[in-house]
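Structure assessment
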Amino acid sequence: MREMNLRRNKVFFQPKREDFDKYIVPCFSPAPFILVKGRGSRLWDQENKEYIDFASGIAVTSLGHSNVKLINALNTQLNKLWHVSNIYTNEPVLKLAKKLVELTFADKVFFCNSGAEANEAALKLARKYANEYYDKTKNEIIAFENSFHGRTLFTVTVGGQSKYSDNFGPLPPAITHLPYNDLKTFEQHISSKTCAVIVELIIGEGGVIPIDPFFLEQVRKICTNYDITLIFDEIQTGMGRTGYLYAYQEYNIVPDILTSAKGLGGGFPIGAMLTKEKWAQIFQPGTHGTTFGGNLLAATVAETVLSQLDYEMLSGVLQRHDIIMNELIKLNKKYNIFQIIRGKGLLIGAQLSSIYYGKAKKLTQLASEEGLLILIAGSNVVRFTPALNIPLDDIYEGFQYFEQAIIRFKDK
Ligand SMILES: *Cc1c(COP(=O)(O)O)cnc(C)c1O
């Protein structure tokens, strides 16, 4: 019996979409096709149907698919060494850390494997910081309504969308949600019990809502006054997405901790928590850790991604932003389906007019039938997060498919 089962291990199997429903825990409902190949901003499915990619695997493959520099760097490392754990350090992780420190406010970096893990580390660090410098009553974490910070129990509780934490109780305590960009409520709520504030500079999953720079400035001031740890969740907005290396660099307002993931690895799983010296010293050997974090393959790819985010690349993001906004405004004049189009760089959201509320997903399904991959951000907003280097011709062609999708959308 044991031998029979193990023999099955070697039988050839051609997967189909139905096998998802058969074998995978149904916490996702993937599209009806299976993608098998990608080059730049184009993808192909099992039937060889071609798609233009305005989604980038949710703002992840920010230099396009099969990027030659990433492949070469990864190939070289693949042939040398993959993993040694954090019992030993390694060259790629040190190169990556040095670059991140030199390019940002941070003094030190902690590496992990995902955004949620980076936020988990940040939140734990903030709690321990308050514990060491103050007392156990300074433990309240403030987050904002509609924010998203990941899917671990701590991060899902901190996130401002209760649908993601419902029925997982008991939840971690001392977490408060306040309205985003509402300075008055924020000022009234802050107290000596507040330990940390975590904020997205553009609410991503929750609808593509940019922060009010004045609000951000005041939050920074108040956090400094009360020695509250200020965490910027730049998991979606970082790594060039807004036309800056990190979105905070547009405002010249620095956090105490910043979390990065998604685009950091260009498609390879990696997360990072960046912080200042005073906070870094709170995590001593044994206080926090990870087996895979900072492994050689992930660090190699991330360092190569980072090395490509030069002035030219980031200027290209701003140029592409203008083109996409223009195309969206043009389409909206013709078809009148959006009430607001907003965002920065290549993180753009178009909110449907109220008569179409709840139908964002439908629009993305029609778009993929036409050959264009786009995202939703909640049920009323379609989100565009193409690669930072998407060819301009692919943008224009993508919008032709989007127009076809809109025509069909309105017909229904
Ligand atoms: C995607 C995302 C996360 C979670 O990242 P994972 O890698 O899925 O754990 C956290 N915060 C923000 C702002 C995100 O966009």
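Thresholds applied
Residue numbers restart at each chain and count upward from 1, following the sequence in its written direction. Local features in this predicted model are restricted to residues whose pLDDT is 70 or higher, and side-chain atom pairs enter the listing and the counts only when it is 80 or higher, whereas totals over whole chains, interfaces and linings include all residues. Excluding hydrogens and water, the side-chain figures rest on all heavy atoms present in the structure. UniProt positions are given in the numbering used here, feature names are shortened, and annotations may be inferred rather than shown by experiment. By definition, any uninterrupted DSSP run of H or I lasting at least four residues is a helix, any uninterrupted run of E lasting at least two residues is a strand, and each is numbered from the N terminus. In what follows, a contact means two residues having at least one pair of non-hydrogen atoms within 4.5 Å. By convention a nonpolar core is built from buried Ala, Val, Leu, Ile, Met, Phe, Trp, Tyr and Cys residues, the set being connected through side-chain atoms within 4.5 Å. Partly exposed residues are those whose accessible area sits between 20% and 50% of the maximum for their type, while under 20% is buried and over 50% is exposed, using a 1.4 Å probe and protein chains only. Domain extents, as shown, originate in an automatic or database domain assignment. Salt bridges are identified by distance alone: a Lys or Arg side-chain nitrogen within 4 Å of an Asp or Glu carboxyl oxygen. Think of a 1 Å grid over just the protein atoms. A cavity is a set of points where a 1.4 Å probe fits yet cannot get out, a pocket is an open set with protein on both sides within 12 Å along at least five of seven lines, and lining residues have an atom within 4 Å of a point.

The protein is annotated in an unreviewed UniProt entry as Acetylornithine/succinyldiaminopimelate aminotransferase of Candidatus Ishikawaella capsulata Mpkobe. We quote the UniProt Sequence similarities (unreviewed entry) comment for the protein here in full: "Belongs to the class-III pyridoxal-phosphate-dependent aminotransferase family. ArgD subfamily."

Here we look at the side chain of Thr364
Examined against the element boundaries, Thr364 turns out to sit in helix α14 (residues 360-370). The residues touching Thr364, leaving out its near neighbours within four places in the chain, are Ile374, Leu375, Ile376 and Val382.

Focus: the nonpolar core
Soluble, globular proteins show a tendency: their nonpolar side chains are buried together. Core analysis: the biggest nonpolar cluster contains 84 residues, and Phe186, Phe338, Leu363 and Phe402 have the highest contact counts within it. Here this core takes 8 residues from helix α13 (residues 311-335), the largest share from any one element. Looking at which domains feed residues into this core, each of domain 1 (2-60 + 311-411) and domain 2 (69-308) supplies at least three. Not counting the four nearest positions on each side in its chain, Phe186 is found in contact with Ile142, Phe144, Leu178, Val197, Phe215, Val219 and Ile222.

A word on the pattern of salt bridges
Any two side chains of opposite charge can pair, on the condition that their charged atoms come close. Counting across every chain of the model gives 18 salt bridges. Lys262 is the salt-bridge partner of Glu205, the closest N and O atoms lying 3.7 Å from each other. Highlighted residues: Glu205 in the loop between β8 (202-203) and β9 (209-210) and Lys262 in the loop between β11 (257-260) and β12 (271-275), separated in sequence by 57 residues. One salt bridge connects Glu369 with Arg408, and the closest N-O pair in it is separated by 2.4 Å. Taken together, the positions of Glu369 in helix α14 and Arg408 in helix α15 (residues 392-411) put the pair 39 residues apart, joining distant regions of the chain. For Arg408, a relative accessible area of 28% puts it in the partly exposed group. In this structure, a network of salt bridges that share partners links the residues Arg42, Glu50, Asp394 and Glu397.

Considering the UniProt feature "binding site: N(2)-acetyl-L-ornithine" (unreviewed entry) in the protein
Mapped onto the present numbering, the UniProt feature "binding site: N(2)-acetyl-L-ornithine" (unreviewed entry) falls on Arg151 and Thr290. From this annotated list, the subset lining the second largest pocket comprises Thr290. In this structure Arg151 comes out as exposed when scored by relative accessible area, which is 56%. If sequence neighbours within four positions are ignored, Arg151 has contacts with Ala116, Val156 and Tyr164. Note on Thr290: relative accessible area 22%, which makes it partly exposed. Not counting the four nearest positions on each side in its chain, Thr290 is found in contact with Asn86, Phe110, Phe111, Asn113 and Glu117.

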